[in-house]
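Next come the chains, spelled out residue by residue.
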Amino acid sequence: MTAETDTPQTTDSCCSPAGSCHGGAADVRIEPTAQTTAVYEVKGMTCGHCEGAVSSEIAEIAGVTSVEAVAATGRVTVTSEAPLTEEAVRAAVDEAGYELVGRTA
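Owing to the predicted nature of the structure, the values given are computational and were not obtained by experimental measurement. (Residues numbered from 1 in each chain as written. Predicted model: local features only at pLDDT ≥ 70, side-chain atom pairs only at ≥ 80, totals over all residues. Heavy atoms only, no water.)

As a further point, take the pattern of salt bridges. One pass over the structure, following the stated rule, counts one salt bridge. Here Glu86 makes a salt bridge to Arg90, at a shortest N to O gap of 2.7 Å. With Glu86 and Arg90 both in helix H2 (residues 86-96) and four residues apart, the pair spans about one turn of that helix. Judged by its relative accessible area of 33%, Glu86 is partly exposed. (Salt bridge = Lys/Arg side-chain N within 4 Å of Asp/Glu carboxyl O. Helix = DSSP H or I, 4+ residues; strand = E, 2+ residues; numbered from the N terminus. Buried < 20%, exposed > 50% of the residue type's maximum accessible area, 1.4 Å probe, protein only.)

The following block contains the structure:
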């Protein structure tokens, strides 16, 4: 016996020498989900802390994917998987200690 042994060549992938598990397109399709964006006016925000408090509370509403609050304008932009009820947004803003004026866009 010799010290040399036949070992297979390794590649960046364990699947095939070509580095892929299969040829062709991916087997999994991810359908884009429809999202909705709404802009609300909130009274009482004056600083970054206010923005964070409002954003945190709204972000806890089921289906919300992003929140951007801007104290200088009093606007809060909310993106969600489905339209939110104004009551849900109002409750979140109230919980943060601010006042929801209403939807602007």
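The subject of this paragraph is the side chain of Thr79. One can find Thr79 in strand S3 (residues 75-80). Thr79 sits in the buried class, given a relative accessible area of 14%. Looking at Thr79, its side chain comes within polar contact range of the side chain of Thr37, at 3.3 Å. Ignoring anything within four residues of it in the chain, the contact list for Thr79 reads Gln35, Thr36, Thr37, Gly63, Val64, Thr65 and Ser66. (Polar contact = N/O pair within 3.5 Å; in protein donor to acceptor, adjacent residues only side chain to side chain. Contact = heavy atoms within 4.5 Å.)

Counting 20 residues, the largest nonpolar core has Met45, Val54 and Ile58 as the members making the most contacts within it. Breaking this core down by element, the ones donating at least two residues are strand S1 (36-43), helix H1 (48-59), strand S2 (64-70), S3 and H2. Counting residues per element, this core draws most heavily on H2, at four residues. Discounting chain neighbours no more than four positions away, the residues touching Val54 are Val42, Met45, Val76, Val93, Ala96 and Tyr98. (Core = buried A, V, L, I, M, F, W, Y, C linked by side-chain atoms within 4.5 Å.)

Another aspect to go through is the side chain of Ser80. Among the structural elements, Ser80 can be located in strand S3. Among the polar contacts listed, one links the side chain of Ser80 to the backbone oxygen of Ala82, at a separation of 2.6 Å. Apart from residues no more than four positions distant in its own chain, Ser80 is found in contact with Gln35, Thr36, Gly63, Val64 and Thr65.

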